[in-house]
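These are the residues of each chain, in order.
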Amino acid sequence: MERKQPPPVPATTRRKGAPASRKWLVVPAAGEPREAELGKHRIMEMTGLPTRDLRVLDPDLSSPSTILVRERAVVLNLEHVRAIVTATEALVLDSSNPLLGLFLNDLHARVASPDVSSTGSATDRSNETDQGEGNGPAVALCRAGNAKILPFELKVLEVCLEHTCKCLESETLALEKEAYPALDELTSKVSRLNLEHVRHIKNRLVALSGRVQKVRDELEHLLDDDMDMSEMYLTRKLAFQGFTETLSRVDSNKDASTDYDDKEQEDRDDETETGRDSSAYVKPDIEELEMLVEAYFVQIDGTLNKLYHLREYVDDTEDYINIMLDEKQNQLLQMGVLLTTATVVVTAGIVVVSLFGMNIHIDLMKDPDTDEQARIKNIKFWETTCGTVAGCLAIYLIAIYAGKRSKILH
């Protein structure tokens, strides 16, 4: 009897926690971009990032905007731009997102074009070129920051910041274009439809302000931390590591028959030169990165100020609406006071009528015997009625005058 094989386990019932591959767009420093299916462990081997840093880029998690600087890579989670930048390539997640079309075009164009910073002079570049020719390509790469050539990782960072700031700015302008007319319409006509519209606008304003504030805080934190900015020069660190390996190989091939004193002197010279280069690596020139981040910090701060002014306008509109409602409530209260006063006055007239309705014997209640008595009775009736009404009106007017005199009524 043959043993039945168990049915294959579908992909959807994969063990929870198993590493899944995602589609990444690989943008190299030199070459054409390509798409690749990369798993979590493969990315950790390529970039040296821990698992907690990769969770920041998970699309299933609503992580706020974050910039993480690590030894071999920079993690960028700015709005819908999720990327890992190394010294040689950039990995962009969810490249099929239509919101990333313009960003990917700008990234490819910026990486393909050699950008040179305008802060460097021709003399500096020529000096650095001479030093690079004398010490080899490793030193030339290590001195790239002094040559004012924008490294690959800074190009990618600039494109990410530019795209993020533009997206947030466009959302802010669209919200302003919709919010100001809606708020003005609400002040002119308070209705349920207008109130509901303004409520949705305020919710969007709060959410957008939080996103912009988070990006601003990340840039501010980066500007305040010089060590993080120095660690972002991945190309320089990679070049310095290659330069250190070259020096180690040169030291190992020295002639063993050299005099001990001469060898010690040479070792001291090598250590001094290595110490200078190491010091230049530990504290590199971060002026370009600082100027780059500061420019976008000013831009995102301006966007946040627009949202702050819009929030103030919303608060002012709410205060105005509350004042209008309070005024309406005061008018209703005054009307209630007037009606209550009128009720009291009418009650006084009813008391008079009740008195005359009692079973009492007066001449006014007797049936007239002659026409003359009927005429006199009719006159007395109208005199009593008009007197009662006039008395009620007088009491009412006196009560209103007293209320206005005491500033209870307006």
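In every chain, residue numbers begin from 1 and rise along the written sequence. Per-residue local features are limited, in this predicted model, to residues with pLDDT of at least 70; the limit for side-chain atom pairs, both in listing and counting, is 80 or more; totals at the level of whole chains, interfaces and linings are taken over all residues. Based on all heavy atoms of the structure, the side-chain values leave hydrogens and waters out of the count.

The name that an unreviewed UniProt entry assigns to the protein is Magnesium transporter, with the source organism given as Urochloa decumbens. In its Sequence similarities (unreviewed entry) section, UniProt records this for the protein: "Belongs to the CorA metal ion transporter (MIT) (TC 1.A.35.5) family." UniProt positions are given in the numbering used here, feature names are shortened, and annotations may be inferred rather than shown by experiment. Regarding the protein, the relevant UniProt record gives this comment under Subcellular location (unreviewed entry): "Membrane".

Draft legend 1. How the structure looks around the overall build of the protein. Regarding its fold elements, the protein presents 12 helices and six strands. Burial status across the protein gives 34% buried among its 410 residues. Sequence-distant contacts in the protein: of pairs separated by 6 or more residues, those separated by 24 or more amount to 67%. Total accessible area on the protein is roughly 25,700 Å²; 56% of this is exposed by carbon and sulfur atoms. By the criteria applied, helices consist of DSSP H or I runs no shorter than four residues and strands consist of E runs no shorter than two, each listed in order from the N terminus. Only protein chains enter the calculation, and the probe is 1.4 Å; a residue is then buried if its accessible area is under 20% of its type maximum, exposed if over 50%, and partly exposed in between. Throughout, a contact is declared for two residues whenever any of their heavy atoms are within 4.5 Å. In this description, accessible areas are obtained by the Shrake-Rupley approach with a 1.4 Å probe, and a residue is regarded as covered only by the protein chains that are shown.

Draft legend 2. Examining the environment of Val27 more closely. Within the secondary structure layout, Val27 lies in strand β1 (residues 22-28). Val27 sits 61 residues away from Thr88 along the chain, and the two C-alpha atoms are 8.8 Å apart. Once residues within four sequence positions are removed from consideration, Val27 is found in contact with Pro33, Glu89, Ala90, Leu107, Val111 and Phe152.

Draft legend 3. Focus on the UniProt feature "transmembrane region" (unreviewed entry) in the protein. As recorded in UniProt, the feature "transmembrane region" (unreviewed entry) lies at residues 337-361 and 381-402. For residues 381-402, helix accounts for 100% and strand for 0%, while the C-alpha atoms at its two ends are 32 Å apart.

Draft legend 4. Broad picture of the pairing of strand β3 (residues 66-69). By the alternation rule, side chains of β3 split into Thr66 and Leu68 and Ile67 and Val69, which are all buried. The pairing criterion for strands is at least two bridges between them, as found by DSSP. The pairing of β3 with strand β4 (residues 74-78) spans four bridges and is classified as antiparallel. In the strand pairing of β4, Val69 is matched with Val74. Here β3 folds back onto β4 in antiparallel fashion, the turn holding four residues.

Draft legend 5. Summary view of the pairing of strand β6 (residues 89-93). Among the five residues that make up β6, five are buried, leaving the element largely enclosed by the rest of the structure. Burial along β6 is two-sided: Glu89, Leu91 and Leu93 and Ala90 and Val92, pointing in opposite directions, are all buried. Taken together, the five bridges between β1 and β6 define a ladder with antiparallel strand orientation. If you follow Val27 over to β6, its bridge partner there is Ala90. Sheet analysis places strand β5 (residues 81-85) next to β6, joined by three bridges and oriented antiparallel.

Draft legend 6. Representation of a nonpolar patch on the surface within the structure. Patches were defined on residues exceeding 30% relative accessible area and lacking a salt bridge, with like-charge contacts within 9 Å and nonpolar side-chain contacts (Val, Leu, Ile, Met, Phe, Trp, Tyr) within 5 Å. We define a salt bridge as a side-chain nitrogen of Lys or Arg found within 4 Å of a carboxyl oxygen belonging to Asp or Glu. A cluster of nonpolar residues, Val351, Leu355 and Phe356, forms a patch on the protein surface that exposes about 250 Å² of accessible area. Among the structural elements, Leu355 can be located in helix α11 (residues 287-356). Since its relative accessible area comes to 46%, Leu355 is described here as partly exposed.

Draft legend 7. Spatial organisation of the nonpolar core. The set of buried Ala, Val, Leu, Ile, Met, Phe, Trp, Tyr and Cys residues whose side-chain atoms join them within 4.5 Å is what this entry labels a nonpolar core. Among the nonpolar cores identified, the biggest contains 58 residues, and Val92, Phe103, Leu107, Val156, Leu219 and Leu289 are the most heavily contacted of them. Element by element, the count of residues in this core is highest for helix α6 (residues 152-188), at 14 residues. Discounting residues that sit within four places of it in the chain, Val92 has contacts with Lys23, Trp24, Leu25, Arg82, Ala83, Leu100, Phe103, Leu104 and Leu107. Residues Ile43, Val56, Leu57 and Leu91 belong to the second largest nonpolar core, which totals 14 residues.

Draft legend 8. Region of the structure containing the confidence of the model for the protein. Scored from 0 to 100, pLDDT records how confident the predictor is in each individual residue. Per-residue confidence for the protein gives a mean pLDDT of 77, with 72% of residues at or over 70. At the low end of the mean pLDDT range in the protein sits helix α5 (residues 137-142), at 37; at the high end sits helix α7 (residues 192-224), at 94. Counted against residues more than four places away or in other chains, residues 117-147, with its pLDDT under 50, gives 33 contacts. Low pLDDT (under 50) marks residues 255-260, which in the prediction has one contact with non-local residues, meaning those over four places away or in another chain.

Draft legend 9. Region of interest: a negative patch on the surface. Together, Asp224, Asp226, Glu287, Glu290 and Glu294 make up a negatively charged patch on the protein surface. Per-element accounting of the negative patch gives the leading share, three residues, to α11. Relative to the assigned elements, Asp224 resides in helix α7. On the basis of relative accessible area, Asp224 is assigned to the exposed category, the value being 60%. By the counting rule applied here, Lys and Arg register as positive and Asp and Glu as negative, while His and the ends of each chain are not counted. In this description, the location of a charge corresponds to atom NZ of lysine, CZ of arginine, CG of aspartate or CD of glutamate.

Draft legend 10. Main features of helix α3 (residues 101-112). Taking 1.5 Å per residue, 12 residues should reach 16 Å; α3 reaches 17 Å between its end C-alpha atoms and fits that length. Along α3, the positions that sit buried rather than exposed are Phe103, Leu104, Leu107, Arg110 and Val111. Taken down its axis, α3 places every buried residue within 135° of arc, on the same side. Residues of α3 that are exposed and angled more than 90 degrees away from the buried face: Leu102, Asn105 and Ala112. Each element contacted by the buried residues of α3 is listed here: β1, β5, β6 and α6. Each residue after the first adds 1.5 Å to the expected span of a helix. Arc definition: it is the arc formed by the directions from the helix axis to the C-beta atoms.

Draft legend 11. A look at the packing of α6 against α7. Lines fitted to C-alpha atoms define the axes, with helix axes restricted to the stretch in contact, and inter-axis angles between N-to-C directions lie between 0 and 180 degrees. Axis separation between α6 and α7 bottoms out at 10 Å; the angle between their running directions is 155°. With respect to α7, the element α6 is oriented roughly antiparallel. Considering only the axes of α6 and α7, their crossing is left-handed. Of the residues in α7, those touching α6 at Leu161, Thr164, Leu168, Glu171, Thr172, Leu175, Glu178, Ala179, Ala182, Leu183, Glu185 and Leu186 are Asn194, Leu195, His197, Val198, Ile201, Arg204, Leu205, Leu208, Arg211, Val212, Val215 and Leu219. By definition in this entry, angles of less than 35 degrees are roughly parallel, angles greater than 145 are roughly antiparallel, angles of 65 to 115 are roughly perpendicular, and the rest are oblique. A crossing counts as left-handed when the near helix is turned anticlockwise from the far one by less than a right angle, and as right-handed when that turn is clockwise.

Draft legend 12. Layout of empty space enclosed by the protein. With a 1 Å grid laid over protein atoms only, a set of points is called a cavity when a 1.4 Å probe fits there but cannot get out and a pocket when it is open yet has protein on both sides within 12 Å along at least five of seven lines; lining residues have an atom within 4 Å of a point. Grid points are joined across faces, edges and corners, and a volume is the space filled by probe spheres set on the points. Using the criterion set out here, one finds two cavities of 30 Å³ or more in the structure. Taken as a whole, the largest cavity holds about 40 Å³ of empty space. Looking at the largest cavity, the residues that line it are Ile67, Val69, Glu218, His221, Leu222 and Asp228. Elements represented by at least two residues in the lining of the largest cavity include exactly β3 and α7.

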